[in-house]
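Here is how the chains run, residue by residue.
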Amino acid sequence: MKVVITELNWPIGIDILQAKGWGVVYDPELWRNRERLRAELQNADAVIVRNQTKVDAELLGWEHRLKVIGRLGVGLDNIDLPAAADHGIQVVYGKNANATSVAEYVISGVFASARLLREASADVKSGGWNRKKYTGLEVSGKTLGLIGVGEIGHRVAVRARALGIKVIGYDPFVAPYDFPVAESGIELAGIERVLTESDYVSLHVPLTGGTRNLLNKESLAKMKRSAVVINSARGGIVNEADLNEALLGGTIGGAILDVLEQEPPAADHPLLQRDNCIITPHIAGLTEESQVRTAEMVSNEVIGELEGRSSLCRVNVRR
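Residues numbered from 1 in each chain as written. Predicted model: local features only at pLDDT ≥ 70, side-chain atom pairs only at ≥ 80, totals over all residues. Heavy atoms only, no water.

1. Let's talk about the UniProt feature "domain: D-isomer specific 2-hydroxyacid dehydrogenase NAD-binding" (unreviewed entry) in the chain
Following the UniProt record, the feature "domain: D-isomer specific 2-hydroxyacid dehydrogenase NAD-binding" (unreviewed entry) maps to residues 110-284 here. Helix makes up 29% of residues 110-284 and strand 15%, with an end-to-end C-alpha separation of 13 Å. (UniProt positions renumbered as here; feature names shortened; annotations may be inferred. Helix = DSSP H or I, 4+ residues; strand = E, 2+ residues; numbered from the N terminus.)

2. Side note on helix α1 (residues 11-19)
Along α1, the residues classified as buried are Gly13, Ile14, Ile16 and Leu17. End-on, the buried residues of α1 take up no more than an arc of 160°, which puts them together on one face. Opposite its buried face, α1 presents the exposed residues Pro11 and Ala19, each directed more than 90 degrees away. Those residues of α1 that are buried are in contact with β1 (2-5), β2 (23-26), β3 (46-49) and α12 (288-306). After α1 finishes, the residue glycine 21 shows a positive phi value of roughly 85°. (Buried < 20%, exposed > 50% of the residue type's maximum accessible area, 1.4 Å probe, protein only. Arc of directions from axis to C-beta. Contact = heavy atoms within 4.5 Å.)

3. Describing the sheet that holds strand β12 (residues 277-279)
One open sheet accounts for seven strands, arranged β8-β7-β6-β9-β10-β11-β12; its pairing is parallel. The open sheet is flanked by β8 (187-188) and β12, the only strands paired with a single partner. Where strand β9 (residues 200-203) lies against strand β10 (residues 228-231), four bridges are found, and the strand directions are parallel. In the strand pairing of β10, tyrosine 200 is matched with valine 228. Its contacts with the sheet put helix α7 (residues 151-162) on β6 (143-147) and β7 (166-170), and the angle it makes with β6 is roughly 175°. (Pairing = 2+ DSSP bridges. Axes fitted to C-alpha atoms, helices over the stretch in contact; angles between N-to-C directions.)

4. Section: the nonpolar core
Judged by nonpolar contacts, the single largest core of 26 residues is most densely connected at Ile147, Leu203, Met223, Leu243 and Ile252. Contributions of two or more residues to this core are made by α9 (191-197), β9, α11 (240-249) and β11 (254-257). Val106, Ala160, Ile186 and Tyr200 belong to the second-largest nonpolar core, a separate cluster that totals 24 residues. (Core = buried A, V, L, I, M, F, W, Y, C linked by side-chain atoms within 4.5 Å.)

5. Describing the domain arrangement of the chain
On domain assignment, one finds that the chain holds domain 1 (2-93 + 288-307) and domain 2 (98-279). Taking only C-alpha atoms into account, the centre of domain 1 sits 32 Å from that of domain 2. With nine residues of domain 1 in contact, the opposing surface of domain 2 contributes six residues. Taking both sides of the interface into account, the surface hidden between domain 1 and domain 2 amounts to around 570 Å²; carbon and sulfur atoms contribute 35%. The tally of links between domain 1 and domain 2 comes to one salt bridge. Between aspartate 77 and arginine 234 there is a salt bridge, with its nearest N and O atoms 2.8 Å apart. Counting the contacts that link domain 1 with domain 2 gives two residue pairs in polar contact (both at pLDDT 80 or more). With three residues, the single largest contributor to the side of domain 1 that touches domain 2 is α12. A class-by-class count of the residues in the side of domain 1 that touches domain 2 yields one nonpolar, five polar and three charged. (Domains from an automatic or database assignment. Buried area = accessible area lost by both parts, 1.4 Å probe. Salt bridge = Lys/Arg side-chain N within 4 Å of Asp/Glu carboxyl O. Polar contact = N/O pair within 3.5 Å; in protein donor to acceptor, adjacent residues only side chain to side chain. Nonpolar A, V, L, I, M, F, W, Y, C, P; charged D, E, K, R; others polar.)

6. A short note on the environment of alanine 46
Here alanine 46 shows up in strand β3. Along the primary structure alanine 46 and alanine 267 are separated by 221 residues, whereas in three dimensions their C-alpha atoms are 36 Å apart. The residues contacting alanine 46, other than those within four sequence positions of it, are Lys2, Val3, Val4, Leu66, Val68, Val302 and Leu306.

7. Some words on the UniProt feature "domain: D-isomer specific 2-hydroxyacid dehydrogenase catalytic" (unreviewed entry) in the chain
Under the local residue numbering, the UniProt record ascribes the feature "domain: D-isomer specific 2-hydroxyacid dehydrogenase catalytic" (unreviewed entry) to residues 11-316. Between the end C-alpha atoms of residues 11-316 the distance is 28 Å, and the span holds 35% helix and 14% strand.

8. Examining the side chain of asparagine 9
By secondary structure assignment, the location of asparagine 9 is in the loop between β1 and α1. Of the residues examined, asparagine 9 reaches a relative accessible area of 4% and is grouped as buried. Contact partners of asparagine 9, with chain neighbours within four places excluded, come to Ile14, Tyr26, Arg50, Leu72 and Ala295.

9. A few points about the sheet that holds β2
Spatially, five strands are ordered β2-β1-β3-β4-β5 in an open sheet, and the strand pairing comes out parallel. Here the strands that pair on one side only, and so sit at the sheet edges, are β2 and β5 (90-93). The sheet shows a mean angle of 15° between the axes of neighbouring strands, direction not considered. Both β1 and β3 contribute to a ladder of three bridges, which runs parallel.

Structure representation (structure tokens):
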């Protein structure tokens, strides 16, 4: 068997595959070279990717013997699932392996916007001692609004409620007695209420036709002027031009973005100029612990599929 890995992977994932005696082509920059990628896939049984590799109909239309696509993460918008199904290729992903890391990122974002520790430290180190400027806010008693109430939303809610934060959530696919609501203390609400009542709005939905530009000029205008948007889901869910105007004009208080429509952003991207916007390089799910779990899980699930065992992490495409 031959497995091609086109992006960053943790060593344990490669070790698991090589322990089977299989050939492994590992090049974390391979996704950048489309022609070489095609050539490597011609005689590959599986390919393992992150979010940069475009596994589209054009790529899958070339000669290959692929049987499995492994996704090191949970987002699937870079994989043409119908095209994979048409070619009889199974897709497996790192189901919930990084959910704790993302949940902790969201809580970190809440604290980062409430207590400006790094900014206060920088001020002190430069000779300042401005206690008034760096008087922060308590997160206890605030409201966190979740747009998307799934596995990650559940884990965010458990942590937020432990801090005394009220959690409300919007998700048209979650029923009142589903686990995230019944066991996490999330109060289901309409999207209008989530937008208008929340001090923090955290996004946990995939990028689809229905969620693209979900937060735009109109929806941002409904939020509190002090509210903070946290997007650890996908770029494109937030309209970045509208967000820039909202931050510049004081429509909302701030934003914490781990994802952007173009990654990395252009040097002249206007959001890079906003002091009330924190931007991180798509790291919400990246911790040492989560990446060990993800690499291990995806390699094992790819092996299982190639050996004829149906994976619990298989993506089922409805035609």
